[in-house]
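Coordinate analysis (summary)
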Amino acid sequence: MIISASRRTDIPCWYSEWFVNRLRAGYVLVRNPMNASQISRIPLRPDIVDCIVFWTKDAGPMMERLPELEKTGIPYCFQYTITPYGHELERGLREKERIMENFCLLSGRIGAGRMVWRYDPIILTEEWSVSRHLEAFAGMCERLAGHADRAVISFVDLYAKLKGAAFREIGEKEIYALAAGLGKTAGEYGLRIQTCCESWDLSGCGIERGGCIDRRLLEQTCGCRLELKPDKGQREGCGCVESVDIGAYHTCPNGCLYCYANQNRAGALENQMKHDPAGELLCGKVRETDRIYERKVKRLKIVE
């Protein structure tokens, strides 16, 4: 089983104590986001978990927890988002210089092959033009390229929450201008670059189409072959393999204005107040009307 921790919230940044407590307990409870009365009980034991994929925008708070995670012997890797935006778009994050320092420190500890740098989503506003993105990406490549397995990019989707915001649709010419510049810069730094859930064919710009949680990353992290299947639970165009997410929506205080996983930061902060580091659920408690199901999972390692 592959654990995703988590596409729904930033566990390394805000909930690492809870995560380690769940590792000690050997299981976690996850409320079904589509049916709030259903809860899955998911094992977190080394004999069943093949790999943990962490998603974060700042792993600093988790660094002191890594020794305990490593004692379990469960392999892990990071999908680590670092954009050049400031507090106008990402209100709850530390200064990016400190976050980049953490990225490099973490890479030095676990190896570049287990670190994916996400430069996404790419947003165009009056302030953030194509040329400014290309300049920012080049500066960040200088710091991060030698510490990452690859860079992942995507272009912002203007779903309902973002209508009327300062963001705008990115036109085809701008897509290819960005792709040409980003691909060229990544190549100069010897960094693989790929898209996330994009229909555009940018291979002519040196940009691959791929999945974020893919076979290469997982088998590289685990050091063995794995029996992997496409993740049918993700949006159309996603190239990820199947994983089990243990997070909860509307609980991330990072405050990113473009985030699909939060309605707003105020709601996330309110939900954070319901968080108990010793709790079985990331947010809230089990109710009398809830039904708990054992999640059927299996080991994916191929024994040869």
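Residues numbered from 1 in each chain as written. Predicted model: local features only at pLDDT ≥ 70, side-chain atom pairs only at ≥ 80, totals over all residues. Heavy atoms only, no water.

What to know about helix 6 (residues 172-188)
Between the first and last C-alpha of helix 6 there are 24 Å, a value that for 17 residues agrees with the 24 Å anticipated at 1.5 Å per step. Within the sequence span of helix 6, burial applies to Ile-175, Leu-178, Ala-179, Gly-181, Leu-182, Gly-183, Thr-185 and Ala-186. If you follow the buried residues of helix 6, they end up packed against strand 6 (115-122), helix 5 (130-144), strand 7 (150-155) and strand 8 (193-196). Phi turns positive one or two residues past the end of helix 6, at Gly-190, with a value near 65 degrees. (Helix = DSSP H or I, 4+ residues; strand = E, 2+ residues; numbered from the N terminus. Expected span 1.5 Å × (residues − 1). Buried < 20%, exposed > 50% of the residue type's maximum accessible area, 1.4 Å probe, protein only. Contact = heavy atoms within 4.5 Å.)

A look at the nonpolar core
The biggest cluster of nonpolar side chains holds 74 residues, and the ones touching the most others in it are Ile-3, Phe-19, Ile-52, Phe-78 and Trp-117. Contacts of Ile-3, omitting those with residues within four sequence positions, involve Ile-42, Leu-44, Val-49, Cys-51, Ile-52, Val-53, Val-244 and Ile-246. Counting 20 residues, the second-largest nonpolar core is a separate cluster that includes Cys-77, Cys-196, Leu-218 and Leu-228. (Core = buried A, V, L, I, M, F, W, Y, C linked by side-chain atoms within 4.5 Å.)

Notes on the layout of surface pockets
Empty space within the second largest pocket amounts to approximately 390 Å³. Lining the second largest pocket are 21 residues, and of these Arg-31, Ala-248, Tyr-249, Thr-251 and Cys-283 sit closest to its centre. Tallying contributions element by element places strand 2 (residues 27-32) first for the lining of the second largest pocket, with four residues. Partitioning the lining of the second largest pocket into residue classes produces 10 nonpolar, six polar and five charged. (1 Å grid on protein atoms, 1.4 Å probe; cavity = no way out; pocket = protein on both sides within 12 Å on 5 of 7 lines; lining within 4 Å. Points joined across faces, edges and corners; volume = space filled by probe spheres on them. Nonpolar A, V, L, I, M, F, W, Y, C, P; charged D, E, K, R; others polar.)

Focus on the sheet that holds strand 3 (residues 35-43)
Backbone-to-backbone hydrogen bonds join strands into a sheet, with any given pair of strands oriented parallel or antiparallel. The three strands are arranged 2-3-11 in an open sheet whose pairing can be described as mixed. Edge positions in the open sheet fall to strand 2 and strand 11 (291-294), since each of these has one partner strand only. Strand-to-strand twist of the sheet, defined as the mean angle between neighbouring strand axes without regard to direction, takes the value 30 degrees. As paired strands, strand 3 and strand 11 are joined by four bridges and run parallel to one another. (Pairing = 2+ DSSP bridges. Axes fitted to C-alpha atoms, helices over the stretch in contact; angles between N-to-C directions.)

None of this, on its own, says anything about what the molecule does.
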